[in-house]
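A structural walkthrough
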Amino acid sequence: MAKFIEGDRGAFEVLFQRYSQPIHGYLLRMVGSEAQADDLTQATFLSVLRARERFRAGAAFRPWLYAIATNAARDQHRRRRPEEPIEQAASEVEEPLAHVDPFQREAVRGALARLPETQRVPIVLHRFEGLSFAEIAEVLGATETAVKVRAHRGYEKLRELLGHLEAER
Amino acid sequence: MTDHERVMGALGQGELPADLAAHATSCAHCRAAVAAYRALAPPSGTPAPPAGRRPSISASLERELAMTAGRPAPSLWRGPVLLGLLQAVVAMAVVVALGRGELVRNQAAPAALWAVGLALGACALGGTLAAVAPGYRRLRTALFALAAGTAVVLVGTGSGLPGRRAFAMDGAVCTSVEVACAVLPLVAALWLQRRFAFDPMRAALASTAAAATGVFALHLHCPIGTASHLYTFHVIPWLLLGAAGLWIRSRLQSRSYAP
């Protein structure tokens, strides 16, 4: 990132190669539409280019990048007209759930979608993107304790929403 | 740190340590959280899922990349420092132009005059810088508190001198001066705010700071010191300009989503 801030084009391409796929997957989970995730991935990296002076020297790049992606998804959600339907998620949205049967996968997707954003984002970042709570706190500009509390409540609610799956097993 | 937080922190780091596993078994909340976490996890031994499609650099990204290649990142502070200078120039130009040789027409006690003046200057310039700076969330909160406190002191320490014309007539003049002073700094502040993701607190602080330019000019120029005049025509327009700036920013497209 330091090289890129100095104007090294190659350094940006390395960052894009390394992070564009995980960011695309994250955005796909957040917005549920392949086309929107494509656009938001480009918007995320465009933001990295345009706002590179806002990156604090010595900070970790990954939480900063996920913060940008989260802001882009939020902005897109904020601007969406209420009558505009959310496109159904593409099949690869739940890559980590590829092992489970489609019924369960759909139930998990539905349950995640029913969580409030304040709980869904920490869970998606923690469970699917593998970020630590310290990194998630950086992404969301909150304290680590606050993020853990939100995730805990979110997981509890998920358990409630997914309870019927356990009963059916 | 509570046991709930420790359980959360340990999820995804392998098996829970014995003490946390015992807690997770006995605590209904943690039991549910751990079960949900595991419900989302692939069973052990599951091969990694196939990688999704790898995005490529779009034409617009390529164009932007070509424009920025070889150029170091611009200074973060150039914009807000220039805006701070603009605020100072606008406020002093208005005070000089309207004062006709008499820079300070406010009849309040010198201590109050200085204290409120300095606080307004801090709100205007500090707010402009803090609204843009990455981090500094507590400083932004403190500046909001300073602005609120300044408004209270401004109204409470007025000279009590009444206006010569009708209440509304004097008020219309003051409000017009305040709004006119705020226009340029507000437009510049909104333009700067578009450089990063919409953040209601930053946007409100930037607008409040820009609007403080007019309040500062009035504080020096306006001789009327009744609480009703100061509250209705100095403080309320300040609040409304801050709210208007926040509303406008919320409708502007960001150039970047960086925090």
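The structure reproduced in this document is the subject of the present report. (Residues numbered from 1 in each chain as written. Chains lettered and ligands numbered in written order. Predicted model: local features only at pLDDT ≥ 70, side-chain atom pairs only at ≥ 80, totals over all residues. Heavy atoms only, no water.)

Turning our attention to the overall build of chain B. Across its full length, chain B carries ten helices and zero strands. Reading chain B from its N terminus to its C terminus gives the helix and strand order α-α-α-α-α-α-α-α-α-α. Relative to a compact globule of 259 residues, whose C-alpha radius of gyration would be 18 Å, chain B shows 27 Å and is clearly more extended. The dimensions of chain B, computed from C-alpha atoms along their principal axes, are 85 × 55 × 30 Å. Within chain B, buried positions represent 43% of all 259 residues. Pairs at least 24 apart in sequence give 80% of the contacts found in chain B among residues at least 6 apart. (Helix = DSSP H or I, 4+ residues; strand = E, 2+ residues; numbered from the N terminus. Rg over C-alpha atoms; globule rule 2.2 N^0.38 Å. Buried < 20%, exposed > 50% of the residue type's maximum accessible area, 1.4 Å probe, protein only. Contact = heavy atoms within 4.5 Å.)

Right, let's talk about the pattern of salt bridges for a bit. Summed over the entire model, instances satisfying the criterion amount to eleven salt bridges over all chains. Ionic pairing is found between Asp-19 of chain B and Arg-6 of chain B, a salt bridge with its closest N-O pair at 2.9 Å. Of this pair, Asp-19 of chain B sits in helix H2 (residues 18-26) while Arg-6 of chain B sits in helix H1 (residues 3-10); the two residues are 13 residues apart in sequence, bridging distant segments of the chain. Residue Asp-19 of chain B is classed as partly exposed on the basis of its relative accessible area of 42%. Of the charged contacts in the structure, one is a salt bridge between Arg-202 of chain B and Asp-199 of chain B, with a shortest N-O distance of 3.6 Å. Connected through shared salt-bridge partners, Arg-9 and Glu-13 of chain A together with Glu-62 of chain B make up one network. (Salt bridge = Lys/Arg side-chain N within 4 Å of Asp/Glu carboxyl O.)

To continue, consider the side chain of Arg-140 of chain B. All names here are of chain B. Tracing the backbone through its elements, the reader meets Arg-140 in helix H7 (residues 137-156). Buried Arg-140, no salt bridge; nearest opposite-charge side chain is Asp-199, N-O distance 4.8 Å. Those residues in contact with Arg-140 that sit more than four places away from it in its chain are Ala-130, Ala-131, Ala-133, Gly-135, Met-201, Arg-202 and Leu-205. (Lys, Arg positive; Asp, Glu negative; His and termini not counted.)

Here we take up the interface of chain B and chain A. With 62 residues of chain B in contact, the opposing surface of chain A contributes 56 residues. The junction of chain B with chain A conceals about 5200 Å² of combined surface from both sides, 60% of it contributed by carbon and sulfur atoms. The three residues of chain B that bury the most area against chain A are Met-8, Leu-40 and Tyr-257 of chain B, which together make up 15% of that side's buried surface. For the interface between chain B and chain A, the tally reads two salt bridges. Here Arg-50 of chain A ties to Glu-64 of chain B by a salt bridge, and the two come within 3.4 Å at their closest N and O atoms. Our count for the contact surface shared by chain B and chain A stands at 16 residue pairs in polar contact (both at pLDDT 80 or more). Among the secondary structure elements, those contributing two or more residues to the side of chain B that touches chain A are H1, helix H3 (28-40), helix H4 (59-68) and helix H10 (227-251) of chain B. The element contributing the most residues to the side of chain B that touches chain A is H3 of chain B, with nine residues. (Buried area = accessible area lost by both parts, 1.4 Å probe. Polar contact = N/O pair within 3.5 Å; in protein donor to acceptor, adjacent residues only side chain to side chain.)

Moving on to unusual backbone geometry. All names here are of chain B. If you check the backbone angles, Arg-100 has positive phi at about 50 degrees while not being a glycine. Structurally, the position occupied by Arg-100 is in the loop between helix H5 (78-99) and helix H6 (110-130). Positive phi outside glycine occurs at Tyr-136, with the angle close to 60 degrees. In this fold, Tyr-136 is placed in the loop between H6 and H7.

A rise of 1.5 Å per residue sets the reference length of H3 of chain B, with its 13 residues, at 18 Å; its end C-alpha atoms lie 19 Å apart and thus fit the reference within 8%. Taken together, the buried positions of H3 of chain B are Cys-30, Ala-32, Ala-33, Val-34, Ala-36, Tyr-37, Ala-39 and Leu-40 of chain B. (Expected span 1.5 Å × (residues − 1).)

With that out of the way, let us pick up the packing of aromatic side chains. Per the counting criterion, the structure on display carries eleven aromatic pairs over all chains. Here the aromatic cluster, defined as three or more aromatic residues joined through ring pairs, consists of Phe-4, Phe-12, Phe-16 and Phe-45 of chain A. Taking the ring centre of Phe-4 of chain A as reference, the NZ or CZ of Arg-52 of chain A above it sits at 5.9 Å. Its guanidinium or amino end placed over the ring of Tyr-37 of chain B, Arg-127 of chain A lies 5.2 Å from that ring's centre, counting from NZ or CZ. (Phe/Tyr/Trp six-rings, centres within 6.5 Å; stacked < 30°, edge-to-face > 60°. Lys NZ or Arg CZ within 6 Å of the ring centre and 35° of its normal.)

This part covers H7 of chain B. Residues and elements named next belong to chain B. End to end, H7 covers 29 Å across 20 residues, agreeing with the expected 28 Å (1.5 Å per residue, within 8%). Along H7, the residues classified as buried are Arg-140, Leu-143, Ala-147, Thr-150, Ala-151, Leu-154 and Val-155. All buried residues of H7 fall inside an arc of 120 degrees around its axis, so they share one side. Pointing more than 90 degrees away from the buried face of H7 are the exposed residues Arg-138, Ala-145, Val-152 and Gly-156. Against the buried residues of H7 lie H6, helix H9 (200-221) and H10. (Arc of directions from axis to C-beta.)

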